[in-house]
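Now for the letters of each chain:
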Amino acid sequence: MFEGAAVVRLEDGSGRCAGRVEVKHQGQWGTVCGYSWDMTDAAVVCKQLGCGSALKAHMYADFGPGSGPIWMYKVGCRGTESALSDCTHNGWGQHNCNHGWDAGVTCSEFTGFRLVNGSTACEGRVEIHVLGTWGSLCASHWDLLDAHVLCRHLDCGFAESIPRGGPFGRGTGPVWRDSFHCDGTEAHLGQCPVTALGASPCSHENNAAVICSAGSASLRLVGGGSRCDGRVEIFQHGTWGRVLDDQWDMQEASVVCRQLQCGEAETAYNPPKPQRGTGPVGLRGVRCAGHEANLTLCNTSLPESVLAAGFAEDVGVVCWGSRQVRLVNGPGRCAGRVEIYYQGSWGTICDDSWDLPDATVVCHQLGCGGAVKAVGSAHFGEGSGQIWLDAVNCSGAEAALWDCPAGSWGQHDCGHKEDAGVDCSEFVTLRLENSDGCSGRLQVFYNGTWGSVCSNSMTLKTVSLACKELGCGDRGILETRLPYGRASGPAWLDRVECGERNSSFWQCPSAPWDPQSVWYCGSWGTVCDDSWDMQDAEVVCRQLGCGPAVSALDKAAFGEGTGPIWLEQIISMETLASLRKLQR
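Residues numbered from 1 in each chain as written. Predicted model: local features only at pLDDT ≥ 70, side-chain atom pairs only at ≥ 80, totals over all residues. Heavy atoms only, no water.

Time to look at the overall build of the protein chain. Along the protein chain, the regular secondary structure elements total seven helices and 35 strands. For the protein chain, with 584 residues in total, the buried portion stands at 47%. A separation threshold of at least 6 residues defines the contact pool for the protein chain, and within that pool the share at least 24 residues apart is 67%. (Helix = DSSP H or I, 4+ residues; strand = E, 2+ residues; numbered from the N terminus. Buried < 20%, exposed > 50% of the residue type's maximum accessible area, 1.4 Å probe, protein only. Contact = heavy atoms within 4.5 Å.)

Below, the structure is given as structure tokens:
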């Protein structure tokens, strides 16, 4: 008798694509033991549920212990199965396990990626499949690192450009406002950190696009920390092979870096033994003049006598494009100790003369907004390894930290107790103000300031993800009228609408980040007349399209209002175009 695949579900997670794995067998739900549970097993579950790829395999009841039978033990999937019940296991209900070992998975919410309206399959408008619906991706935060990951995932080489202005036409479905924050090494976009909270509305005039290198990607660098450093491999006759040479130098390295569009060559080297390849040899012996556009245009037909005379080894390069910056050991993606990837290794920055313009360059480079604070004295802990830069002196307008004036690479008189760090404006976190533990007024930290989160359109799903982010479980109750005192600071967020596709509070769509001034969290309020003058009145008249101000009246000249008094002691500036941007 044929028995269909057992139904699978994920419980007690943040959505239908993350949680404790449960299987229905003989009409009863039960769990799966996490012993030997791995990413291959998790991938089958994600595929069966239509939840994209697996991001993490959980082994130790990370989503809480289940109850009832433990149906599966020692699961061994190959990855090709269409259902978890097709994988090998010890037999239904046969186990030596307890619910403290219940398996779980976290899947990507993104179930497909494609490029459309291009002349080839390797260029076009970026579209993403999210839980059954294809939509275009907003280009607001789309960059080359994100594009590199997508091109590699689609077997299209690397990203040559990310054209703006809609060269591949308008989409017709939704426009996803998700922002990917890839470092370029991920296997697909679903592995990159994602945010959507506070993103501005996006139209089909601002769709993300990419032109990939496609078939021209006959070289790749492996084993490095970026796509622009590592051991050289060449693609020939349908397979990747090692490149071996006995006189590998900067001329050959320059050709490789140019072909991969990784900038100038910095280093040509022979990898140490642990980093050497073990596969087939694709090219043995090569001599370049240094100006060739492609490695295969160099002399690759060396006489046997030349090849026999030398000892050919694996070859590697470090290109200018391998340089990266990151923030580590901080409370979030946009705050932490500054580290630079240079010459194949990560190192820190000395805090001598470290200031806000230097921090500004780092924040802009990482897509983290502006700099709120430049910190030193190993504020985010001491790093290790090299201290790459000292006496950095940026103007704030540079595109990358290494474009700033500084001492020579690796030359310094510092210790790691002087490691520099930054706080960027896009660093965000949550707290409960006036909290007695896990209840209180929800506040979000953004642009260096704590502010309120309005309750308009807030659902139980939003509350659930906020509680999870705060470490207060995964369920909660929304209270809009509690005696927590008067709200302080701006109202940063409104209409936070978390849905089934969201697994994190920061991925939820919302109204744009905006400190609303008069229409505040859905309520009208008045403005106190302290310091109210003609400049303030000018801004109001201009905002309303009512021409110049004639007079600025006070003492409730038009009668007393009701409700909250939102602002007082306003100081207006001529450059402000809207009352929304008035500062207290």
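The calculated volume of the largest pocket comes to roughly 1,200 Å³. If you trace the largest pocket, you find 39 residues lining it, with Leu145, Cys182, Asp183, Gln324 and Gln365 closest to the centre. Contributions of two or more residues to the lining of the largest pocket are made by helix 2 (144–153), strand 10 (159–161) and strand 22 (324–332). Residues that form the lining of the largest pocket fall into these classes: 17 nonpolar, 13 polar and nine charged. (1 Å grid on protein atoms, 1.4 Å probe; cavity = no way out; pocket = protein on both sides within 12 Å on 5 of 7 lines; lining within 4 Å. Points joined across faces, edges and corners; volume = space filled by probe spheres on them. Nonpolar A, V, L, I, M, F, W, Y, C, P; charged D, E, K, R; others polar.)

Another point: the state of the cysteines. Taken as a whole and judged by the stated rule, the model has 17 disulfides. With a sulfur-sulfur separation of 2.0 Å, Cys33 is cross-linked through a disulfide to Cys97. The sign of the 70 degrees torsion about the S-S bond sets the Cys33-Cys97 disulfide as right-handed. With Cys33 in the loop between strand 3 (28–32) and helix 1 (39–49) and Cys97 in the loop between strand 5 (70–72) and strand 6 (104–107), this residue pair connects regions lying 64 residues apart in the sequence. The pair formed by Cys33 and Cys97 is uniform in burial state, with each residue classed as buried. (Disulfide = S-S within 2.5 Å.)

This part takes up the environment of Ile128. Examined against the element boundaries, Ile128 turns out to sit in strand 8 (residues 123–130). Here the alpha-carbon distance between Ile128 and Pro174, two residues 46 residues apart in the chain, equals 10.0 Å. Not counting residues up to four positions away in its chain, the partners in contact with Ile128 are Phe110, Gly112, Phe113, Thr133, Trp134, Gly135, Leu137, Trp176 and Phe180.

With mixed pairing, four strands are arranged side by side in an open sheet as 28-29-30-31. Strands at the two margins of the open sheet, each flanked by one partner only, are strand 28 (429–433) and strand 31 (491–493). Going from strand to strand, the sheet's axes swing by 50 degrees on average, the running direction of each strand aside. Summarising the sheet, strand 29 (residues 441–446) and strand 30 (residues 449–453) pair through four bridges and their orientation is antiparallel. Of the residues in strand 30, the one forming a bridge with Tyr446 is Thr449. (Pairing = 2+ DSSP bridges. Axes fitted to C-alpha atoms, helices over the stretch in contact; angles between N-to-C directions.)

Here we come to the pairing of strand 30. In sequence, strand 29 turns back onto strand 30 through a hairpin of two residues, with Asn447 there showing a positive phi of about 55 degrees. Pairing geometry for strand 30 and strand 31, over two bridges, is parallel. Bridge pairing links Val453 to Leu493 in strand 31.

Let us now look at helix 2. Residues Asp146, Ala147, His148, Val149, Leu150 and Cys151 constitute the buried set of helix 2. With a side-chain oxygen positioned 3.2 Å from the backbone nitrogen of Leu145, the residue opening helix 2 is Asp143. Directly beyond the C-terminal end of helix 2, a positive phi value near 55 degrees is found at Asp155. (Polar contact = N/O pair within 3.5 Å; in protein donor to acceptor, adjacent residues only side chain to side chain.)

On to the side chain of His188. Within the fold, His188 resides in the loop between strand 12 (179–180) and strand 13 (194–195). Here the side chain of His188 touches Ser53 through a polar contact of 2.9 Å, side chain to side chain. Setting aside its immediate chain neighbours within four residues, His188 contacts Ser53, Leu55, Val149 and His153.

Under the defined criterion, the tally for this structure stands at two cavities of 30 Å³ or more. By volume, the largest cavity amounts to about 60 Å³. The wall of the largest cavity is formed by 11 residues, among which Cys17, Glu500, Arg501, Asn502 and Ser503 lie closest to the centre. Looking at the lining of the largest cavity, its residues break down into three nonpolar, four polar and four charged.

To continue, consider the confidence of the model for the protein chain. If pLDDT is low for a region, its predicted coordinates should not be looked at in detail. For the protein chain, the average pLDDT comes to 85, and 89% of its residues sit at 70 or higher. This stretch, residues 571–584, has a pLDDT under 50; its non-local contacts, to residues over four places away or in other chains, come to 30 contacts. (pLDDT = per-residue confidence, 0-100.)

The subject of this paragraph is the packing of aromatic side chains. Counted by the stated rule, this structure contains 14 aromatic pairs. With 4.0 Å between their ring centres and 5 degrees between their planes, Tyr446 and Trp513 make a pair best called stacked. Remark: Trp513 occurs in the loop between strand 31 and strand 32 (519–520) and Tyr446 occurs in strand 29; sequence separation between them is 67 residues. Trp513 matches Tyr446 in its accessibility class, with the two residues each being buried. An aromatic cluster is defined as three or more aromatic residues linked by ring pairs; in this entry it consists of Tyr35, Tyr60, Tyr73 and Trp101. Lying over the aromatic face of Trp320, Arg323 brings its terminal NZ or CZ to 3.6 Å of the ring centre. Seen from the ring of Trp450, Arg431 lies directly overhead, with NZ or CZ sitting 4.1 Å from the centre. (Phe/Tyr/Trp six-rings, centres within 6.5 Å; stacked < 30°, edge-to-face > 60°. Lys NZ or Arg CZ within 6 Å of the ring centre and 35° of its normal.)

Keep in mind that most residues, glycine aside, have a negative phi and that most peptide bonds are trans. Positive phi, normally seen in glycine, also occurs at Ser353, with a value near 65 degrees. With respect to the secondary-structure elements, Ser353 resides in the loop between strand 24 (345–349) and helix 5 (356–365). Look at Ser353 and you get partly exposed, because its relative accessible area is 47%. Although it is not a glycine, Ala378 adopts a positive phi angle of roughly 50 degrees. By secondary structure assignment, the location of Ala378 is in the loop between strand 25 (371–375) and strand 26 (386–389).

The next thing to look at is the environment of Arg9. Looking at where Arg9 falls in the secondary structure, it is placed in strand 1 (residues 7–15). Residue Arg9 is classed as partly exposed on the basis of its relative accessible area of 27%. With 22 residues separating them along the chain, Arg9 and Thr31 place their C-alpha atoms 9.8 Å apart. Residue contacts for Arg9: discarding those within four places in its chain leaves Arg20, Val21, Glu22 and Trp29. One polar contact links Arg9 to Glu22, side chain to side chain, over a distance of 2.8 Å.

Right, let's get into the pairing of strand 6. Taking every second residue as pointing to the same face, both faces of strand 6 are buried, with Gly104 and Thr106 on one and Val105 and Cys107 on the other. In terms of strand pairing, strand 2 (residues 18–25) meets strand 6 through three bridges, oriented antiparallel. Paired with Gly19 across the strands is Val105, a residue of strand 6. Where strand 4 (residues 54–58) meets strand 6, four bridges bridge the pair, whose relative direction is antiparallel. Of the residues in strand 6, the one forming a bridge with His58 is Gly104.

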